[in-house]
Each structure stands twice: as C-alpha cells, then as structure tokens.
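# Summary of the model geometry
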Amino acid sequence: MSSTHETKQRAEEFNRRGLLVLPGALSPAQVAAANAALDRYRADFPAEWIELSDSLCQTVDLLPRTAALDFTIENPAALDILRLILGEDVALEEFSAMIRQPTKNLDEFKGWHRDIIRDYSRRMEINAVSVVYYLTDVSERDHCLSVVPETHGRLVDLRPEELKPGQEVDILGPAGTAVFFHARCIHTGKLKPDSRPRRTLHIYYGSASLPRTSEWSQIPERLHAKRDPALPPRLYAKWNVTRIVEGTGKKPRDVDPSMSAAEMIRVVQQRAKAKAAAAKRG
Ligand SMILES: O=C(O)CCC(=O)C(=O)O
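These numbers were taken from a predicted model, which means no experiment stands behind them.

Reading guide: rules and limits
- Residues numbered from 1 in each chain as written.
- Predicted model: local features only at pLDDT ≥ 70, side-chain atom pairs only at ≥ 80, totals over all residues.
- Heavy atoms only, no water.
- Near = heavy atom within 4 Å.
- Polar contact = N/O pair within 3.5 Å; in protein donor to acceptor, adjacent residues only side chain to side chain.
- Areas by Shrake-Rupley, 256 points an atom, 1.4 Å probe, with all protein chains shown as cover.
- Nonpolar A, V, L, I, M, F, W, Y, C, P; charged D, E, K, R; others polar.
- Disulfide = S-S within 2.5 Å.
- Buried < 20%, exposed > 50% of the residue type's maximum accessible area, 1.4 Å probe, protein only.
- Pairing = 2+ DSSP bridges.
- Helix = DSSP H or I, 4+ residues; strand = E, 2+ residues; numbered from the N terminus.
- Axes fitted to C-alpha atoms, helices over the stretch in contact; angles between N-to-C directions.
- Phe/Tyr/Trp six-rings, centres within 6.5 Å; stacked < 30°, edge-to-face > 60°.
- Lys NZ or Arg CZ within 6 Å of the ring centre and 35° of its normal.
- Domains from an automatic or database assignment.
- Contact = heavy atoms within 4.5 Å.
- Buried area = accessible area lost by both parts, 1.4 Å probe.
- Salt bridge = Lys/Arg side-chain N within 4 Å of Asp/Glu carboxyl O.

### Section: the site of the ligand
- Around the ligand lies a shell formed by Met98, Arg100, Lys110, His113, Asp115, Leu145, His187, Gly189, Arg198, His202 and Tyr204.
- Here Arg100 contributes a side-chain N or O atom positioned 2.8 Å from an oxygen atom of the ligand.
- Between the ligand and Asp115 there is a distance of 3.0 Å, counted from an oxygen atom to a side-chain nitrogen or oxygen.
- Protein contact buries 98% of the 290 Å² of open area that the ligand shows by itself.
- In terms of residue class, the shell around the ligand is built from three nonpolar, four polar and four charged.

Written out as structure tokens, the structure reads:
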C-alpha cells in the first residue's frame, strides 16, 4: 500500500494526540445503509440489545447475525490510516453498535475512563485503536464522545479523577464522521439534556500478534475465510485467539459459555448491582 501525504499527516496527528477526527469517512449513502442495517437488526434481534443505563443501549456481537455492516470494518478511508498507525498487522478486535437515548439523567455510569483495562497501574498495556462512526448528526446539544488528547502518551500519567474542565475535546460532527482515539486516552460519553437519539458504531483494531483485547464480538467464518488483496492480510486473524487481555474484554469464566454475549452481560450487570447494594448496606 502506498500512502498519500495526507494519510501520513493524519496518522502522525493520531500518534501525537491519540485522537483524529475524520468527517465524511462514510458517505451519505453508506450512513443510510448502516442505519437501515441497524433498524433491521433491532427488529430481528431485540434480545441482543442491552440497556446499560437510561441513555445507553448497546449490542456487541452482531457479526455472526448480519453481514450488512462489514463494509464499515473494511472502510479504506479508515484502514489506510490504521495501516500506518498499527502496521500491516492491523486486526479487528471488537465491533459493537450503540444507541444513546434522550434522557434527563445526565450521570454517565462509566464516567471518564480508559478502555480495556481499568487498573491505572496497567494503563501501558492498553494497545488498541477505537474508530467510532457517528451515524447521526452530533451538534452541541447532542450526547457526544469527549476525549482528552495526549492521555495515551505525553499526559499518560493523568488519572481520570484528576481531569480539569477544559482538558477534553467534545467531538461534534455530521453523520459519517469517524473518530479515531487510542483506547488508552481518557474519554467519556458526555450527556446533554436536550439530545436527539444518537447512533454510533464502535470498531476496535489492534495488532494480530498480540493477545486479543476483547472476546465479546465473534468473528464469523465469512470474514476470517475472506481472501481480499485490498485488505490488510491479518484483518480477521483473531477469530480463534483464546489469549485474552485480562480486563473488560474478557468474558466471565464462571458462567455458561453457551450463553449469548447479551445474556452474559446481563449476568455481569446483575452481579455489579448486587455488589453495589451489598457495599451500601455495609
Ligand atoms: O460515545 C459514547 O457515548 C461513549 C463511548 C465510550 O465510552 C467508549 O467508546 O468507550
């Protein structure tokens, strides 16, 4: 692959800031196709959607049930940049979709965080790039992704609880915008009282030669059997990787492995609620 000057500049910007915003990464027709695919997926697989909070509805294991969103994983506009950031070893880690519903409850349950590993002392083990596609327009009044630049690198010692207002960048943009951020960068979903429903796709890429950062999204046969010279050669190499980074991407080992990802997440949710209630009781 030969990279243009612009692609190289974008990769450099990402490496420096841990953040890159690319408007128009999906065309209006692609945005419409992705939204139609999500509409169908919601109608066909309602149990796959998990309500994680008043605003947050997510589904994490779509790929075995639909091929209609594969084009977003393989988007050349993103892959050209990712090949420079992660090298030819770039590999799919996780694929999920999110709907942020209008709400007056503006407490975001995850708050400011780094992805994959929550333990501050292990933050240098976080090695993945998140590409978030906005599938609806996001203006000042809408729920937005907010990222603290350079907290993957120069500001890596910053703890989420030490953040000062103004250090973050709120990402606004029309549907079709791609937001690349290093999973080590501190970020959150910033909730707004008058937001419209917001739809996003969240695609994580890592390195094929490292342990997988998440096992929540299965990579089906149609993807790992693909031989397309235009794609990075190991894009779907992690379909059968069993070494998983110890962190949020690892499924609990004490639940029935035949459960769907959504069922497992519900179990994890119930356990977290029970733990919080027990802690409250003292
Ligand atoms: O976009 C959002 O609302 C939150 C995203 C987020 O926290 C994440 O991608 O880890």
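### Side note on the state of the cysteines
- Considering all chains together, one arrives at zero disulfides under this definition.
- There is no disulfide at Cys144, and the cysteine sulfur nearest it, in Cys185, is 15 Å away.
- You can call Cys144 buried: its relative accessible area is 0%.

### Things to note about the sheet that holds strand E9 (residues 187-190)
- Pairing is antiparallel across the open sheet formed by three strands, whose spatial order is E7-E6-E9. The open sheet terminates on both sides in strands that have one partner only, identified here as strand E7 (169-171) and E9. Here the average twist between neighbouring strands, direction ignored, is 30°.
- Here strand E6 (residues 144-147) pairs with E9 via four bridges, running antiparallel. Paired with Cys144 across the bridge in E9 is Lys190.

### Things to note about the packing of aromatic side chains
- Inspection of the entire model under this criterion finds two aromatic pairs.
- Between Tyr41 and Phe45 the ring centres are 4.9 Å apart and the planes differ by 45°, which places this aromatic pair in the tilted class.
- Residue class for Tyr41 comes out buried when judged on its relative accessible area of 2%.
- Centre to centre, the rings of Tyr41 and Trp49 are 6.3 Å apart; their planes meet at 65°, and the pair counts as edge-to-face.
- Trp49 sits in the buried class, given a relative accessible area of 7%.
- Counting every residue linked through ring pairs, the aromatic cluster contains Tyr41, Phe45 and Trp49.
- The ring of Phe45 carries Arg65 above its face, with NZ or CZ at 5.9 Å from the centroid.

### Description of the domain arrangement of the protein chain
- Taken domain by domain, the protein chain consists of domain 1 (5-247) and domain 2 (251-282).
- Taken over C-alpha atoms, the centre of domain 1 sits 24 Å from the centre of domain 2.
- Each partner contributes residues to the interface: domain 1 has eleven residues there, and domain 2 has ten residues.
- At the boundary of domain 1 with domain 2, total buried surface from both sides reaches about 920 Å², with 59% on carbon and sulfur atoms.

### Topic: the pattern of salt bridges
- If you walk through the whole model with that rule in mind, you get 18 salt bridges.
- Ionic pairing is found between Arg65 and Glu48, a salt bridge with its closest N-O pair at 3.4 Å. Of this pair, Arg65 sits in the loop between strand E3 (56-59) and helix H3 (70-73) while Glu48 sits in the loop between helix H2 (28-44) and strand E2 (50-51); the two residues are 17 residues apart in sequence, bridging distant segments of the chain.
- The partner of Glu93 in a salt bridge is Lys238, and the shortest N-O contact between them spans 2.5 Å. Linking Glu93 in strand E4 (residues 90-100) with Lys238 in the loop between helix H5 (221-224) and helix H6 (261-281), this pair joins segments that are 145 residues apart in sequence. Grouping residues by exposure puts Glu93 and Lys238 together as buried.
- Each of the salt bridges in this network shares a partner with another, and the network as a whole consists of Glu168, Asp170 and Lys190.

### Digging into the environment of Val148
- Assignment of secondary structure puts Val148 in the loop between E6 and E7.
- Owing to a relative accessible area of 1%, Val148 belongs among the buried residues under this scheme.
- Excluding residues that lie within four positions of it along the chain, Val148 makes contacts with Trp112, Leu163, Gln167, Glu168, Cys185 and Ile186.

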